[in-house]
Amino acid sequence: MNGVDRRTMLTRGAAVVGGAAVAGALAGPAAAAASPAPSGGAAAGAGSVVKPGDPRYEMLTTGNNQRFVARPDYIKMVRSTADAERALRDAVRAGKRVSVRSGGHCFADFAAHPETEVIIDFSEMTHVGYDPAFRAFVVEAGARLINVYEALYKGWGVTIPGGICYSVGAGGHIAGGGYGLLSRAHGLVVDHLYAVEVVVTDGKGAVRTVVATREKNDPNRELWWAHTGGGGGNFGLVTRYWFRSPDAKGSVPSEQLISPPSTVLVSAVDFPWEQLTEARFTRLLKNFGAWHAANSSPDSPYRHLSSLFNVSSKAHGSLGMFTQVDATVPGARKLLDDYLAAITAGTGVTPKALTRATGELPAMPQFAEPRTLPWLQATRLVGTNNPTITNPTSRGAHKSAYMRKNFTDHQIQALYRHMSRPDFTNPDTMLVLFSFGGQVNAAAPDATANAQRSSIFKMCFQTFWQEEGEDEFYLGWLRGLYEDFFSPTGGVPLIDDSTDGCYINYPDRDITDPRRNRSGVPWQTLYYKDNYPRLQQVKRRYDPSDFFRHSMSVKPARG
């Protein structure tokens with residue numbers, strides 16, 4: 001893995017990044033320890049500038065979703081904080097519209113859109129290491145999640161409770177909140193975020209690098225807070241994150257961040273559509289919802305269990321479910337068996353082996369009977385070897401919702417009707433139900449910018465296709481399903497006792513359109529709830545000219 005070692009990324013004394021002093025002296029213990037040095041060091045040099053005509057240009061004008069393509073004047077590859085400063089200063093002085101990319105997995109047009117004149121790409125900044133001065137683990141913005149997990153675990157036996165798609169970049173994943181199969185036991189990724197390094201500008205030519213920590217007396221603490229769920233591409237160029245769990249003590253690296261279970265118990269099963277009547281489909285989904293409603297408190301013994309349930313279209317042939325439980329907790333097998341029994345109770349459906357890939361799940365027939373695996377081995381199972389999610393040639397559309405209560409009859413009827421439409425033949429379509437709650441719900445809504453702290457499961461409606469000529473059909477189908485599903489509340493999941501809005505890492509431009517969002521509730525409220533005005537104040541302080549902007553960006557507070 002490029003750049004992964006145990007070397008500290010900080011030096012003692014004053015630090016100067018690209019000729020500009022780090023703005024805002026760190027207060028508290030961090031200040032006494034050290035100040036950040038330029039990431040990558042002098043050997044990192046400057047990344048390439050890729051212009052039209054370069055054989056790399058076409059590949060770098062788009063991300064993982066081929067619906068969104070830019071035609072920038074150039075793409076700037078970044079290799080260090082100093083390089084990021086230079087890139088931003090050049091763009092600001094030239095008056096060029098900038099977009100930011102780490103892994104390229106954005107579900108919307110934040111990084112690739114027609115107004116983009118410069119793409120600043122962090123995919124070469126991949127270092128993961130330990131910083132003894134901060135007593136925290138440092139992760140550069142371009143590191144991909146699977147590399148982060150491998151480096152942290154192999155090096156120190158620790159991890160972050162991150163996502164399930166291996167190639168997602170740390171930059172955007174973390175800024176939006178970040179969650180994964182360990183979140184019910186350990187909270188969101190940002191619940192363990194200690195500090196963030198951000199290159200910011202006043203939009204008039206001045207560029208500076210700010211390190212913001214969660215220390216109460218850090219004058220830049222609000223910038224740290226904004227990166228705990230405020231979303232990517234809003235406030236500046238994130239170059240590095242530092243992680244240390246809030247309850248960490250001492251100075252031993254392995255005690256500064258959560259440790260994953262040494263082993264996990266894994267189950268993968270299929271529910272064939274041929275066994276599903278509408279009544280059975282309804283009972284199956286209501287069982288899922290009822291179980292999560294009953295077992296998602298922060299102290300639930302089931303917080304050690306997470307499940308990913310792909311409710312695929314009838315064209316796929318089956319519904320796939322992957323479940324993981326910490327094998328080291330007492331009664332782990334009973335927790336899993338009781339869960340599986342609760343999901344199928346009263347359905348008359350017999351689970352089968354998962355023999356066909358679906359969404360993030362590859363075919364896993366060997367786990368029809370639960371098996372115990374080392375945690376890292378199990379982590380490589382999900383999202384790493386199924387091309388549906390990571391296919392770089394596909395087009396896709398995605399919509400999200402947090403659920404606070406079980407499905408209503410109307411919602412399941414809508415889902416069944418659209419998923420079983422006889423004219424819909426796309427197998428790469430699903431509603432992903434993801435276990436939530438547990439320790440995620442232990443934090444207050446304003447503790448981080450990610451405000452959704454009372455849900456029981458999260459949903460992602462998604463479909464993938466290949467040809468641009470099919471956009472209208474598939475976008476229309478997904479819009480029809482989503483707006484039918486939430487028709488009693490204006491076509492969107494409101495902030496009420498049943499739903500808790502949307503997830504900013506699953507951005508959906510339709511929510512900004514009053515023709516699609518007929519609730520009268522602003523899209524900012526659905527994604528950020530009461531935290532949006534605070535995010536606007538951060539924006540006003542660190543990006544007053546609104547230099548960093550995209551189709552769903554935070555706008556600076558006025559006056």
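Everything discussed here concerns the structure shown above.
About the criteria used
- Residues numbered from 1 in each chain as written.
- Predicted model: local features only at pLDDT ≥ 70, side-chain atom pairs only at ≥ 80, totals over all residues.
- Heavy atoms only, no water.
- Helix = DSSP H or I, 4+ residues; strand = E, 2+ residues; numbered from the N terminus.
- Rg over C-alpha atoms; globule rule 2.2 N^0.38 Å.
- Contact = heavy atoms within 4.5 Å.
- Areas by Shrake-Rupley, 256 points an atom, 1.4 Å probe, with all protein chains shown as cover.
- Lys, Arg positive; Asp, Glu negative; His and termini not counted.
- Charge placed at Lys NZ, Arg CZ, Asp CG, Glu CD.
- Buried < 20%, exposed > 50% of the residue type's maximum accessible area, 1.4 Å probe, protein only.
- Pairing = 2+ DSSP bridges.
- Axes fitted to C-alpha atoms, helices over the stretch in contact; angles between N-to-C directions.
- Expected span 1.5 Å × (residues − 1).
- Parallel < 35°, antiparallel > 145°, perpendicular 65-115°, else oblique.
- Left-handed = near helix turned anticlockwise from the far one by under 90°.
- Nonpolar A, V, L, I, M, F, W, Y, C, P; charged D, E, K, R; others polar.
- Core = buried A, V, L, I, M, F, W, Y, C linked by side-chain atoms within 4.5 Å.

Asker: Can you lay out the overall build of the protein chain for me, pointing to particular residues and giving the numbers?
Answerer: The helix and strand tally for the protein chain stands at 15 helices and 21 strands. In summary, the protein chain has a C-alpha radius of gyration of 23 Å against a globular reference of 24 Å for 559 residues, a match within 12%. Restricting the contact set of the protein chain to residue pairs at least 6 apart, pairs at least 24 apart contribute 74%. Accessible surface for the protein chain amounts to roughly 19600 Å². Of this, 51% is attributable to carbon and sulfur atoms. With 59 positive and 52 negative side-chain charges, the protein chain shows a separation of 3 Å between the mean positions of the two kinds.

Asker: Any details on the environment of Gly-289? Residues and values, ideally.
Answerer: With respect to the element layout, Gly-289 can be found in helix α8 (residues 278–294). Gly-289 sits in the buried class, given a relative accessible area of 0%. Separated by 146 residues in the primary sequence, Gly-289 and Ser-435 have C-alpha atoms spaced 9.6 Å apart. Each residue touching Gly-289, except ones within four places of it in the same chain, is listed here: Asn-406, Ile-456 and Phe-457.

Asker: Which residues make up the side chain of Asn-450, and what values go with them?
Answerer: For Asn-450, the position within the fold is in the loop between β20 (429–435) and β21 (457–465). Discounting chain neighbours no more than four positions away, the residues touching Asn-450 are Gly-176, Gly-177, Leu-188, Thr-228, Gly-229, Tyr-402, Pro-445, Tyr-503 and Asn-531.

Asker: Go over the sheet that holds strand β7 (residues 98–101) with me, naming the residues and quoting the values.
Answerer: Read from one edge of the open sheet, four strands run β5-β6-β8-β7, paired in mixed fashion. Among the strands making up the open sheet, the edge pair consists of β5 (49–50) and β7. By the bridge criterion, two bridges tie β5 to strand β6 (residues 74–77) in an arrangement that is antiparallel. Residue pairing in the sheet places Val-49 in a bridge with Lys-76 of β6. Against the sheet, helix α3 (residues 81–94) touches β6, β7 and β8 (118–121), its axis set at about 155° to β6.

Asker: Tell me about α8, and please be specific about residues and values.
Answerer: The terminal C-alpha atoms of α8 lie 24 Å apart, and with 17 residues this matches the ideal 24 Å at 1.5 Å per residue to within 8%. Buried within α8 we find Phe-281, Leu-284, Leu-285, Asn-287, Phe-288, Gly-289, Trp-291 and His-292.

Asker: How would you summarise the sheet that holds strand β13 (residues 237–243) if you had to cite specific residues and measurements?
Answerer: Strand order in the open sheet formed by five strands is β9-β10-β13-β11-β12, and the pairing between neighbours is antiparallel. If you trace the sheet from one side to the other, it starts and ends with β9 (128–131) and β12 (207–213), each paired once. This sheet shows a mean twist of 20° between the axes of neighbouring strands, independent of strand direction. The sheet contact formed by strand β11 (residues 193–201) and β13 spans six bridges and is antiparallel. Counted as the bridge partner of Val-198 is Val-238 from β13. In the packing of α3 onto the sheet, the strands contacted are β11, β12 and β13, and the crossing angle to β11 comes to about 35°. The sheet contacts of helix α4 (residues 145–156) involve β9 and β10 (136–140), and relative to β9 the element is tilted by about 45°.

Asker: With reference to specific residues and values, describe the packing of α8 against helix α12 (residues 409–419).
Answerer: Two elements in contact, α8 and α12, have axes whose closest approach is 10 Å; the angle formed by their N-to-C orientations is 125°. The angle between α8 and α12 falls in the class oblique. Like other packed secondary-structure pairs, α8 and α12 cross with a definite hand, here right-handed. Within the contact between the two elements, α8 uses Glu-278, Phe-281, Thr-282, Leu-285 and Lys-286 and α12 uses Asp-409, Ile-412, Gln-413, Leu-415 and Tyr-416. Tallied by class, the residues present in the contact of α8 with α12 amount to five nonpolar, two polar and three charged.

Asker: Quick rundown of the pairing of β11? Include the residues and the values.
Answerer: Among the nine residues of β11, nine are classified as buried, and the element is accordingly described as predominantly covered. Hairpin connection between β11 and β12: a loop of five residues separates the two successive antiparallel strands, and Gly-203 in this loop has a positive phi of roughly 80°.

Asker: Help me get a handle on the nonpolar core, residues and values and all.
Answerer: Of all hydrophobic cores here, the largest spans 135 residues; its most connected members are Phe-281, Phe-309 and Met-459. With sequence-adjacent residues up to four places away left out, Phe-281 is seen in contact with Trp-273, Leu-276, Val-311, Leu-319, Ile-412, Leu-415 and Tyr-416. Of all hydrophobic cores here, the second largest spans 18 residues; its members include Tyr-74, Ala-91, Val-118 and Val-199.

Asker: Kindly report on the packing of α12 against helix α13 (residues 471–485), identifying the contributing residues and their values.
Answerer: It is the contact of α12 with α13, at a shortest axis distance of 8 Å, that shows an interaxial angle of 165°. Here α12 is positioned roughly antiparallel relative to α13, judged by the angle of their axes. Crossing of α12 against α13: the hand is right-handed. Together, His-410, Gln-411, Ala-414, Leu-415, Arg-417, His-418 and Met-419 of α12 and Trp-477, Gly-480, Leu-481, Asp-484 and Phe-485 of α13 make up the contact between the two elements. By residue class, the composition of the contact of α12 with α13 is six nonpolar, four polar and two charged.

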